[in-house]
Amino acid sequence: MIPVIRYVLGSCFILGVTSLMNYDLAYLTSVLSLGYLAPGAKPLSFKQGGGFLLILTLITGTAVIFSELFLEYAMVFMPLLLLSLLWLYYTDKIPMMVKLFSLISMVIIPFVSIDTAAIGSYVASRLVFNAFMAVLLSQIIFMVFPLCEADIPFEKKKEEARKKTDRERYNYAISIIVILLPVLLLFYMFKLSSSVLILTFIAILSISPALANPKVGLVMIVANILGGLFGILGYKLLVIVPNFTFMILLVFVIGMFFGSRLFSDSKYAAIFGSGFSTFLLILGSVTSSDAEAGSKVWSRVIQISIAVIYVVIAFNILNRILESKKKETA
């Protein structure tokens, strides 16, 4: 029970702190910090936290420079971006959270720079600061709720995850690039920087090879749409009762719903973490917005739903094609 309480109360604490500080894109901190409170996560050492922030700073800086140099030259920009993403999906030399943040940087920064390079630099600086806050606040949570015996099963489960061979990782990375390529081209050709949330979620969700399983994919769709609907419900309730304490209590209740399922033995457990992150993203982004929040909440739920459905369908189509080729060669 302690891991669940740590996860939920930690999320409430981080959302509360970032809401009171009200810095730019503060809602991202709550979403990004979930990975540091997830099942099997351990508190970071000062060296690990500092190293992570240093690597992220270098990657975001490189993404900004890369965008400024090559964004206007499609025949150079797209192959280099695809090669970078291919390496990122292939490598197992960097921790998952570093990989996740790096992926977000490499996808978001070039495409928000389509309108102007200044936006890319701004997003890069905000991403690094949000990462810093996520690391700092999540480690404070571990000081209040240190690791206990209840965490051991989740740690073992994480450690026992089968390590893939080089060939398996390469095939998986190629599959992801095949899925990402049509979306990247679409966003680049039509300059869809306003819908970059779709592209970001597609890139993040594609990290999970489990989505190739139709049942897992269906549960992922349901969990994320459910998280989006909870986000809409939370926004509607906060319009009626615009109170900070009420918002925290609301997040606690919904967090217990998702957290209790996340910290379980179900093979679909991890998917509920994605659903809760969707809820926090929707709620945080609209409560920090202006009078247009009502229209934005539906827009973001639709964008996230499109991303999830696309990834699930693309994974299954690609998986069926590969299986049919295996049968033909057998």
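Residues numbered from 1 in each chain as written. Predicted model: local features only at pLDDT ≥ 70, side-chain atom pairs only at ≥ 80, totals over all residues. Heavy atoms only, no water.

Draft legend 1. Geometry of the overall build of the chain. Along the backbone of the chain there are 13 helices and zero strands. A principal-axis box enclosing the C-alpha atoms of the chain has dimensions of 55 × 45 × 40 Å. By the burial criterion, 49% of the 330 residues in the chain qualify as buried. Contacts spanning at least 24 positions in sequence make up 79% of the contacts within the chain whose residues lie at least 6 apart. When the 25 basic and 17 acidic side-chain charges of the chain are each reduced to a single mean position, those positions are 5 Å apart. (Helix = DSSP H or I, 4+ residues; strand = E, 2+ residues; numbered from the N terminus. Buried < 20%, exposed > 50% of the residue type's maximum accessible area, 1.4 Å probe, protein only. Contact = heavy atoms within 4.5 Å. Lys, Arg positive; Asp, Glu negative; His and termini not counted. Charge placed at Lys NZ, Arg CZ, Asp CG, Glu CD.)

Draft legend 2. Summary view of the pattern of salt bridges. For the structure shown, the criterion picks out three salt bridges. The partner of Asp92 in a salt bridge is Arg169, and the shortest N-O contact between them spans 3.6 Å. On the criterion of sequence distance, the pair formed by Asp92 in the loop between α4 (74-90) and α5 (96-112) and Arg169 in helix α8 (residues 166-190) is long-range, its members being 77 residues apart. Between Asp166 and Arg169 there is a salt bridge, with the nearest N and O atoms lying 2.3 Å from each other. (Salt bridge = Lys/Arg side-chain N within 4 Å of Asp/Glu carboxyl O.)

Draft legend 3. Local environment of the nonpolar core. With 108 residues, the main nonpolar core has Phe52, Leu85, Tyr89, Phe111 and Leu184 as its most contacted residues. Sorting elements by how many residues they give to this core places α5 first, with 12 residues. The contact partners of Leu85, leaving out residues within four places of it in the chain, are Leu103, Met106, Val107, Ile177, Leu180 and Leu184. (Core = buried A, V, L, I, M, F, W, Y, C linked by side-chain atoms within 4.5 Å.)

Draft legend 4. Just the side chain of Thr18, in detail. Checked against the element boundaries, Thr18 lands in helix α1 (residues 2-21). Reaching out from Thr18, the side chain makes a polar contact with the backbone oxygen of Leu15 at a distance of 3.1 Å. Ignoring sequence-local partners within four residues, the contact set of Thr18 consists of Tyr23, Ala26, Thr29, Ser30 and Leu137. (Polar contact = N/O pair within 3.5 Å; in protein donor to acceptor, adjacent residues only side chain to side chain.)

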